[in-house]
Amino acid sequence: MLREKQKRFEEKFEVPEAERLSGDSWVQSFCRTYKVREICCHGEAASVDLTAVEAERL
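Residues numbered from 1 in each chain as written. Predicted model: local features only at pLDDT ≥ 70, side-chain atom pairs only at ≥ 80, totals over all residues. Heavy atoms only, no water.

### Some words on the overall build of the protein chain
No. 1: The secondary structure content of the protein chain amounts to 3 helices and 0 strands.
No. 2: Scanning the protein chain from its N terminus toward the C terminus, one meets helices and strands in the order α-α-α.
No. 3: What you see for the protein chain is a C-alpha radius of gyration of 18 Å, clearly larger than the 10 Å of a compact globule of 58 residues, by over 25%.
No. 4: By its C-alpha atoms, the protein chain is 50 × 20 × 15 Å across when sized along the principal axes.
No. 5: Looking at the 58 residues of the protein chain, the share that counts as buried comes to 9%.
No. 6: When the accessible surface of the protein chain is split by element, carbon and sulfur atoms take 54% of a total near 5,900 Å².
No. 7: Charged side chains in the protein chain number 10 positive and 12 negative. The centres of these two groups are separated by 5 Å. (Helix = DSSP H or I, 4+ residues; strand = E, 2+ residues; numbered from the N terminus. Rg over C-alpha atoms; globule rule 2.2 N^0.38 Å. Buried < 20%, exposed > 50% of the residue type's maximum accessible area, 1.4 Å probe, protein only. Areas by Shrake-Rupley, 256 points an atom, 1.4 Å probe, with all protein chains shown as cover. Lys, Arg positive; Asp, Glu negative; His and termini not counted. Charge placed at Lys NZ, Arg CZ, Asp CG, Glu CD.)

### Looking at the packing of aromatic side chains
No. 1: This structure, assessed with the given rule, holds 2 aromatic pairs.
No. 2: Ring centres 4.9 Å apart and planes at 45 degrees place the aromatic pair Phe30 and Tyr34 in the tilted group.
No. 3: Looking at Tyr34, the relative accessible area reads 57%, which means it is exposed. (Phe/Tyr/Trp six-rings, centres within 6.5 Å; stacked < 30°, edge-to-face > 60°.)

### Here we look at the environment of Cys31
No. 1: When you line up the elements, Cys31 lands in helix α2 (residues 25–33).
No. 2: Residue Cys31 is classed as buried on the basis of its relative accessible area, which comes to 19%.
No. 3: Considering only alpha carbons, one finds Cys31 and Leu2, 29 residues apart in sequence, at a separation of 9.7 Å.
No. 4: Leave out the neighbours within four places in its chain, and Cys31 touches Leu2 and Val36. (Contact = heavy atoms within 4.5 Å.)

### Things to note about the pattern of salt bridges
Pairing between side chains becomes possible if they bear opposite charge and their charged atoms approach one another.
No. 1: According to the stated counting rule, one finds 2 salt bridges in the structure shown.
No. 2: Taking the shortest distance from any N to any O, the salt bridge between Arg8 and Glu4 comes out at 3.7 Å. With Arg8 and Glu4 both in helix α1 (residues 2–12) and 4 residues apart, the pair spans about one turn of that helix. (Salt bridge = Lys/Arg side-chain N within 4 Å of Asp/Glu carboxyl O.)

### With respect to the environment of Ser29
No. 1: In this structure, Ser29 sits in helix α2.
No. 2: For Ser29, a relative accessible area of 35% gives the class partly exposed.

### Side note on the confidence of the model for the protein chain
No. 1: When the pLDDT values of the protein chain are averaged, the result is 83; 91% of them are 70 or greater.
No. 2: In the model of the protein chain, helix α3 (residues 50–57) stands out as the element of lowest mean pLDDT, 75, in contrast to α1, which has the highest, 89. (pLDDT = per-residue confidence, 0-100.)

The structure is reproduced here in structure tokens:
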């Protein structure tokens, strides 16, 4: 998703080809800086209906 956004912004702001980001190293830096990570739930935790939980909180 981040790579797709990168492409869209580069096209929209007409970033010259020579200045565009290449490779994936920027993604790792971005994720580390903004604390973006993937969380996998296993077992019972993965089977929870989150919409029902949110509805009960309201």
